[in-house]
Amino acid sequence: MPDWTNALERAQAYSPFLSRAMDRLPAITALLAAGDGDGALAAAALAGEDAPDLGAALRRRRLATALALGVGDLAGAFALPRVVGELTALADRSLDAAIRHAIVSRAPDSEPAGFVALALGKQGAGELNYSSDIDPILLFDPLTMPRRPRDDPGEAAQRYAREIVRLLTHVDAEGYVFRVDLRLRPASEVSPLAIPIEAALTHYESSALAWERAAFIRARAASGDIALGEEFLAQIRPFVWRKSLDFGAIAEIGRLTRRIRAEHGKVTAVGPGFDVKRARGGIREIEFFAQGHQLIHGGRNPALRQKGTRAALDALAAAGLIDSQDALHLGQAYDRLRQIEHRLQMVADLQTHTLPRDMAAIDKVARLDGLPDGAALISEIEAITAMVGMRYDALIAASAPPSIAPVKADAPVDAPSGFALEADLAALGFADPAGLAARIDGWRGGTMRALRSEAALAALDAILPQLLAALAKAPEPDKALTRWERLIASLSSAVNLFRLLEARPGLLDVLARILSLAPPLADELARRADLLDALIDASAFALPGDVDALIAEFSQSEAGDDYQRILDHVRRKVGERRFALGVQLIEGVHDPLAIARGLAHVAQAAMVVLARATVAEFASVHGRIAGSELLILGLGRLGGEALSHASDLDIVYLFTGDYAAESDGRRPLGATLYYNRLAQRISAALSVPTAEGALYEVDTRLRPQGTQGPLAVSLESFALYQREQAWVWEHMALCRARPLFGSPEACAALGQIITQVLTAPPPLTLIDDILAMRQRMAEHKQPRGSLDVKLMRGGLVDVEFLIHALQLRHGIALTPRLDEALDELIAAGHLPVAMAAAHGVLARLLIASRLLAPDGVVPGDAACAALAKACGLGDWQAVMTALADARATVALAWRAMFGETLEI
């Protein structure tokens, strides 16, 4: 239970500031004595209503609030979150009132738009100190900020800024409102007090310093034109939250920590003069602990972008990035150190973080807190800071200055310390160590833009021995080395990549295998080196979840993101998922058939998220059509849940409702035109490259009447076409059709149409039509090589033709997944049991060869071994034997079904 009497007695005895406030505010003191803390806060909010001017009113309000919160805190009635939250709200309101007053005083009858205060530091986080300054950045829009007609916008903004600072910082007998520190603004030593929005954007996009990123973790539009501030923060989000993992953030924070400890940690033993904020194990290090992890991972995980320290620690623990016990203990330590900091500040309303210089004064602080004496307080601080310091030191240990000195681009080329380049290259087994040493010298010669800075060369030196060892162990070292050089040459900056590999050296071996074995993955890395980031997660080698889980993952863009950012976000997520699945494939972690299903699930989830976003974007202009909706039908490998890394997406767009209806937007369209344009937009969302790269190739040629027909047709037209006009090959394609987007009711209706079409009596020419079509395909689409298991006779196309012919002839096994359809046809006695194994061999080889032998030609020995492992076979001879057996099985089934002998 709160002890209000004891709290008032301690405040009177040990806090001169609170004692004077009680004397000046007897009404609020009486409420506190009666145990009415909420009533005291409510009265404080109304203080100053009879003041002669705004400044006096704000000063009285601040003093009353400080009294109510201080005694409520000492009494145990107000927990720390309530105290700091109320102080932050007071600062926001005071700053807002000052902005409004400054503008309206100069431009009466105007709305105070176009001028915003961004709160940084503890105000931004909602954690303001008991006696703290505030660190706003004042921004203005010259086009919308009110001013007198003859005032220059810049001069008017500076006038407003000076008045705001004067109102809040003026000190008289009634105290002050808040100390204001504007030094966090861009280039504060030379810039004006208020910065134009565009100038601030230019600064943060081009010349901001590392510490400014950390500062903006907690930035918030607090006062003034909030919408303007939120728009600005959204625009600089890529500066704060980098899309790639940034292990350099820890190094930057480590350097800053060492400087702070050197400047403010001169008193290292807890005792008189000890700084509870900036000394080892203090408040700042807990904040840095959270912010360091946020800067590394927050670009990839929006859930980590918490402004408050406790919330950030909890989010990091929930994401598995820090131990839950670390989060708990650091959070508890943070709260207690903040309480002690408040006690220090309550004594005289000073912004102090250090214990007094004599034990008598420390005793008073301790007794104000409710402890028996200063020794008890010191003992508690010792235990807390030792625990925090130990955890924080472990975090920044890797950021200590490297033993390898940075190498200047024009300096003599030396290998890293302890690494005699040519001799060690020979020891690693490279065939031409002298030639390779010369190539490495060339990396430093300035021809690669990613290696022109001292920071890049130092970061490369830090990983070079381990990198070369990994490349030497790679299945094909020469290929790996060449592709490594191509990767670095494609980057504008390689520092983040090098720091990632330094922080996670286990990735080096994986990277070397990718570069050796999988040209498509190596090419993807050259376009997006940050794809390696996805491999450090604990789930990197787990298969994706179901489609709904992936939809939720791909939908986690920032609130308020525009359409383009949603497109970019989905491209990043899909790229990471596809790359991780590719690595799982070449590492032999999962069955290629499971990889193929994972790729299909990723594609469907991306389609759903992008279709939803596109529908919403389109409807904002053209409205919606009542009783009508879009459907997307997946066919081919997408419909059959068997995508490879090289697959395009075969889709058909349909719509329900009356084709003669019209949309209800400000630019209405008829239904047919509406859905055709919408379909074009969705295809573009799926296929057009953005700053984040391409996504998929989209093939819509399987729609009714092919390229001669409209892109989207009504469900009724589709049903009529399939019943009366479709060719046999179109019904074969329909055997692998699966509704992917639309309401459950509409998808069910589409599924019923497909079932009705496929179970209708087949034409008498069914078999002849199928054989003629396969013959034309064989004539016009030849296998590219001896591993083109799709087009070779006795390969996957022949398996598909067998299955589809039986599906259409008998109207059974109507599932879009070939393996499931095959099992049903075998069970019904239409195909031999051996066909299941034959299909498995061919399908696995196809999925794996798309990465390991993308040209369809037998690759090198290492890639052959990886193909064998991926397919669950012992060696390459076993692969060749299994392939021959599978083709023979398919040829026998083909002869039994069609009476033809295949040349295999």
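All residue numbers here refer to positions counted from 1 along the written sequence of the relevant chain. Owing to the predicted nature of the model, reporting of local features is limited to residues with pLDDT of at least 70; listing and counting of side-chain atom pairs is limited to 80 or more, with chain, interface and lining totals taken over all residues. With hydrogens and water stripped out, all remaining heavy atoms of the structure feed into the side-chain values.

(A) Molecular detail of the overall build of the chain. Secondary structure elements are defined from DSSP: runs of H or I of at least 4 residues count as helices, runs of E of at least 2 residues count as strands, and each element is numbered from the N terminus. Secondary structure assignment for the chain yields 39 helices and eleven strands. Each of the 904 residues in the chain was classed as buried or not, and the buried ones make up 56%. Note on definitions: a residue-residue contact is assigned when non-hydrogen atoms from the two residues lie within 4.5 Å. For the chain, the proportion of contacts with a sequence separation of at least 24, taken over those separated by at least 6, is 72%. For the chain, the exposed area adds up to about 36700 Å²; of that, 53% sits on carbon and sulfur atoms. Type-normalised accessible area, obtained with a 1.4 Å probe on protein chains alone, sets the label of each residue: buried when under 20%, exposed when over 50%, and partly exposed for intermediate values. For every accessible area listed, the method is Shrake-Rupley and the probe measures 1.4 Å; residues are considered covered only by the protein chains on display.

(B) Seen up close, the side chain of Asp135. Turning to its location among the elements, Asp135 is positioned in the loop between β2 (133–134) and β3 (136–140). In this charge count, Lys and Arg are treated as positive and Asp and Glu as negative; neither His nor the chain ends contribute. Whenever Lys or Arg places a side-chain nitrogen within 4 Å of a carboxyl oxygen from Asp or Glu, that contact is recorded as a salt bridge. At 6.4 Å, Arg183 is the nearest oppositely charged side chain to Asp135, a buried residue that forms no salt bridge. Those residues in contact with Asp135, other than ones at most four positions away along the chain, are Leu118, Leu120, Gln123, Asp181 and Leu184.

(C) Summary view of the pairing of strand β7 (residues 630–635). With six of six residues buried, β7 lies mostly within the body of the structure. Burial along β7 is two-sided: the face carrying Leu630, Ile632 and Gly634 and the face carrying Leu631, Leu633 and Leu635 are both buried. One ladder, built from six bridges, connects β7 with strand β8 (residues 649–655); its direction is antiparallel. Paired with Ile632 across the bridge in β8 is Tyr653. What makes two strands pair is DSSP finding at least two bridges between them. Alignment of β7 against strand β11 (residues 738–741), held across three bridges, turns out to be antiparallel. Residue pairing for β11: Leu633 is matched across the bridge by Pro739.

(D) How the structure looks around the sheet that holds β3. Read across the open sheet, the four strands follow the order β5-β3-β1-β6; overall the sheet is mixed. Lying at the two open borders of the sheet, with one neighbouring strand each, are β5 (194–196) and β6 (220–224). Averaged over neighbouring strand pairs, the angle between their axes works out to 35 degrees when direction is ignored. Note: strand β1 (residues 115–119) against β6, four bridges, orientation antiparallel. By the bridge assignment, Leu118 is partnered in β6 with Ala221. The axes are straight lines fitted to the C-alpha atoms, using for helices just the contacting stretch, and the angles between their N-to-C directions are given from 0 to 180°. Those strands touched by helix α6 (residues 80–106) are β1, β3 and β6, and its axis lies near 45 degrees from that of β6. The strands touched by helix α9 (residues 197–206) within the sheet are β3 and β5, with β5 carrying the most contacts at an inclination of about 85 degrees.

(E) Molecular detail of α9. All of the buried residues along α9 are Ile197, Ala200, Leu201, His203 and Tyr204. Along the axis of α9, the buried residues cluster in a sector spanning 160 degrees; they form a single face. Opposite its buried face, α9 presents the exposed residues Glu198, Glu205 and Ser206, each directed more than 90 degrees away. To be clear, the arc concerns the directions from the helix axis to the C-beta atoms.

(F) Highlighting the pattern of salt bridges. What the rule picks out here adds up to 41 salt bridges. Notably, a salt bridge pairs Arg82 with Glu86, separated by 3.0 Å at the nearest N-O pair. Placement of both Arg82 and Glu86 in helix α6 is noted, with a separation of four residues, approximately one turn of the helix. Residue class for Arg82 comes out partly exposed when judged on its relative accessible area of 32%. One salt bridge connects Glu553 with Arg577, and the closest N-O pair in it is separated by 2.7 Å.

(G) Region of interest: the nonpolar core. Trp484, Ile488 and Phe498 are the most contacted members of the largest nonpolar core, which has 184 residues in total. No other element matches the 17 residues that helix α28 (residues 592–622) contributes to this core. In this structure Phe498 touches Leu451, Ala456, Ala459, Leu460, Ile463, Trp484 and Ile488, once residues within four positions along its chain are discounted. Take the buried Ala, Val, Leu, Ile, Met, Phe, Trp, Tyr and Cys residues and link them wherever side-chain atoms come within 4.5 Å; each set so joined is a nonpolar core. Grouped together as the second largest cluster of nonpolar side chains are 57 residues, Ala21, Leu32, Ala64 and Met346 included.

(H) Expanded view of the packing of helix α21 (residues 454–473) against helix α23 (residues 495–503). Relative orientation of the contacting elements α21 and α23 amounts to 25 degrees, with a least axis distance of 9 Å. By the angle between their directions, the pair α21 and α23 is classed as roughly parallel. Between α21 and α23 the crossing geometry is left-handed. Residue-level contacts link Ala455, Ala456, Ala459, Leu460, Ala462 and Ile463 of α21 to Val495, Phe498, Leu501 and Glu502 of α23. We call two directions roughly parallel when the angle between them is under 35 degrees, roughly antiparallel when it is over 145, roughly perpendicular when it lies between 65 and 115, and oblique otherwise. Throughout, a crossing is termed right-handed when the near helix is turned clockwise from the far one, and left-handed when it is turned anticlockwise from it by less than a right angle.

(I) Layout of helix α11 (residues 226–235). Residues of α11 that are buried include every one of Leu228, Gly229, Phe232 and Leu233, and no others. Within α11, the buried residues cover an arc of 135 degrees as seen down the axis, which keeps them to one side. Structurally, α11 contributes buried residues whose contacts are with β1, β3, α9, α10 (210–216), β6 and α12 (237–240).

(J) The arrangement of the confidence of the model for the chain in detail. When pLDDT is averaged along the chain, the result is 91, and 94% of the positions lie at 70 or above. This stretch, residues 398–418, has a pLDDT under 50; its non-local contacts, to residues over four places away or in other chains, come to 31 contacts. Confidence scores labelled pLDDT are given residue by residue by the predictor and lie between 0 and 100.

(K) Region of interest: the state of the cysteines. Note on disulfides: each one is a pair of cysteine sulfur atoms within 2.5 Å. Going through the model one piece at a time under the given rule, you end up with zero disulfides. Free cysteine Cys747: the closest other cysteine sulfur is in Cys735, separated by 19 Å. Accessibility expressed as a relative area gives 16% for Cys747, which makes it buried.

(L) Molecular detail of the packing of aromatic side chains. A pair of aromatic rings is counted whenever rings of Phe, Tyr or Trp (Trp by its six-membered ring) have centres within 6.5 Å, and the orientation is called stacked for planes under 30 degrees apart, edge-to-face for over 60 and tilted otherwise. Taken as a whole, this structure holds ten aromatic pairs when the rule is applied. Each ring, one from Tyr204 and one from Phe232, has its centre 6.1 Å from the other, and the planes form 65 degrees; the classification is edge-to-face. Linking Tyr204 in helix α9 with Phe232 in helix α11, this pair joins segments that are 28 residues apart in sequence. Like Phe232, Tyr204 is buried. Grouping aromatic residues by their ring pairs yields a cluster made of Tyr204, Phe216, Phe232 and Phe239. Two limits define a charge over a ring: the Lys NZ or Arg CZ must be within 6 Å of the ring centre, and within 35 degrees of the ring normal. It is Arg82 that lies over the ring of Phe78; its NZ or CZ is 4.7 Å from the centre.

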